Amino acid sequence: GAGVSQSPSNKVTEKGKDVELRCDPISGHTALYWYRQSLGQGLEFLIYFQGNSAPDKSGLPSDRFSAERTGGSVSTLTIQRTQQEDSAVYLCASSARGYTQYFGPGTRLTVL
Amino acid sequence: AQRVTQPEKLLSVFKGAPVELKCNYSYSGSPELFWYVQYSRQRLQLLLRHISRESIKGFTADLNKGETSFHLKKPFAQEEDSAMYYCAPRTGQAGTALIFGKGTTLSVSS
């Protein structure tokens with residue numbers, strides 16, 4: 001079946017602009033995760049959604065970052081007033097109630 | 001503080017040589033541990049989890065609670081094993097996020 005999909009695959013933006021990154025999880029997966037992958041920092045956890053529970057936002061690096069998940073499915077990660085240090089690959093993953101996390105291909109964000 | 005350490009950024013070996021990718025963790029309680037792998041131009045994917053006690057693609061990993069380690073081993077490396085490997089503990093309830101190490105790049109040459 002279809003895996004996790006993310007769009008866009010690449011995004012180039014200017015410093016100070018807002019960006020939205022989208023994640024479509026595997027159908028039926030109740031858990032959705034956002035991570036950030038950057039050189040030298042490895043993979044950083046950002047935010048986690050589980051069903052209708054309040055999301056775990058403990059990994060968001062600043063209040064410029066936010067995410068929502070509509071209808072328990074699609075999620076959007078929004079970065080406001082982008083900075084150059086936000087440049088990274090943003091990965092989304094989903095899982096079925098705590099089992100293996102399946103990752104999407106990522107969105108490569110470049111902030112000029 | 002909870003943390004995971006992968007001390008080697010890069011590990012280069014020749015084909016057929018044994019491989020050990022190190023992972024040490026510092027967590028309270030009993031974490032569940034995973035190894036994830038990312039091959040060139042592919043998605044990050046699960047390689048193995050310690051509770052399964054399985055061997056995947058010839059790799060095994062033993063959880064050593066005394067040393068708080070979860071090293072990944074393979075007796076004979078193959079060129080197709082070249083990839084980035086991440087150790088990832090998970091604490092708390094099943095389904096909580098993974099905390100990844102910074103990863104080790106394994107390069108296997110002939």
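In case you missed it, the structure is sitting above this.
Residues numbered from 1 in each chain as written. Chains lettered and ligands numbered in written order. Predicted model: local features only at pLDDT ≥ 70, side-chain atom pairs only at ≥ 80, totals over all residues. Heavy atoms only, no water.

(A) Fine view of the interface of chain B and chain A. At the interface, 17 residues of chain B touch 19 residues of chain A. Both sides together, the interface formed by chain B and chain A hides about 1500 Å², and carbon and sulfur atoms give 53% of it. The interface formed by chain B and chain A contains six residue pairs in polar contact (both at pLDDT 80 or more). Classifying every residue of the side of chain B that touches chain A by side-chain character gives nine nonpolar, four polar and four charged. (Contact = heavy atoms within 4.5 Å. Buried area = accessible area lost by both parts, 1.4 Å probe. Polar contact = N/O pair within 3.5 Å; in protein donor to acceptor, adjacent residues only side chain to side chain. Nonpolar A, V, L, I, M, F, W, Y, C, P; charged D, E, K, R; others polar.)

(B) Representation of the state of the cysteines in the model. Scanning the model with the defined rule gives two disulfides over all chains in all. There is a disulfide in this structure between A:Cys23 and A:Cys92, and the S-S distance comes to 1.8 Å. Its S-S torsion of approximately -65 degrees makes the covalent link between A:Cys23 and A:Cys92 left-handed. Taken together, the residues A:Cys23 in strand E3 (residues 19-24) and A:Cys92 in strand E8 (residues 88-95) connect sequence positions 69 residues apart. Residue A:Cys23 is classed as buried on the basis of its relative accessible area of 0%. Note on cysteine connectivity: B:Cys23 is disulfide-linked to B:Cys87, with sulfurs 2.0 Å apart. Around the S-S axis, the bridge from B:Cys23 to B:Cys87 shows a dihedral of about -60 degrees and counts as left-handed. With B:Cys23 in the loop between strand E3 (19-21) and strand E4 (24-26) and B:Cys87 in strand E9 (residues 83-90), the pair connects residues that are 64 residues apart, well separated along the chain. Side by side, B:Cys23 and B:Cys87 carry an identical accessibility label, which is buried. (Disulfide = S-S within 2.5 Å. Helix = DSSP H or I, 4+ residues; strand = E, 2+ residues; numbered from the N terminus. Buried < 20%, exposed > 50% of the residue type's maximum accessible area, 1.4 Å probe, protein only.)

(C) Highlighting the sheet that holds strand E8 (residues 72-74) of chain B. All names here are of chain B. Spatially, the three strands line up as an open sheet ordered E3-E8-E7, and their pairing is antiparallel. The open sheet has two edge strands, E3 and strand E7 (60-61), and neither has a second partner. Across two bridges, the pairing between E7 and E8 is antiparallel. Bridge assignment links threonine 60 to a residue of E8, and that residue is lysine 73. (Pairing = 2+ DSSP bridges.)

(D) Summary view of the layout of surface pockets. Quantified by volume, the largest pocket comes out at close to 870 Å³. Along the walls of the largest pocket sit 35 residues, with A:Gln37, A:Leu39, B:Gln38, B:Met84 and B:Tyr86 positioned nearest its centre. Mapped by element, the contributors of at least two residues to the lining of the largest pocket are strand E4 (31-38), E8 and strand E10 (107-111) of chain A together with E9 of chain B. Among the elements that take part in the lining of the largest pocket, E10(A) stands out by supplying four residues, more than any other. (1 Å grid on protein atoms, 1.4 Å probe; cavity = no way out; pocket = protein on both sides within 12 Å on 5 of 7 lines; lining within 4 Å. Points joined across faces, edges and corners; volume = space filled by probe spheres on them.)

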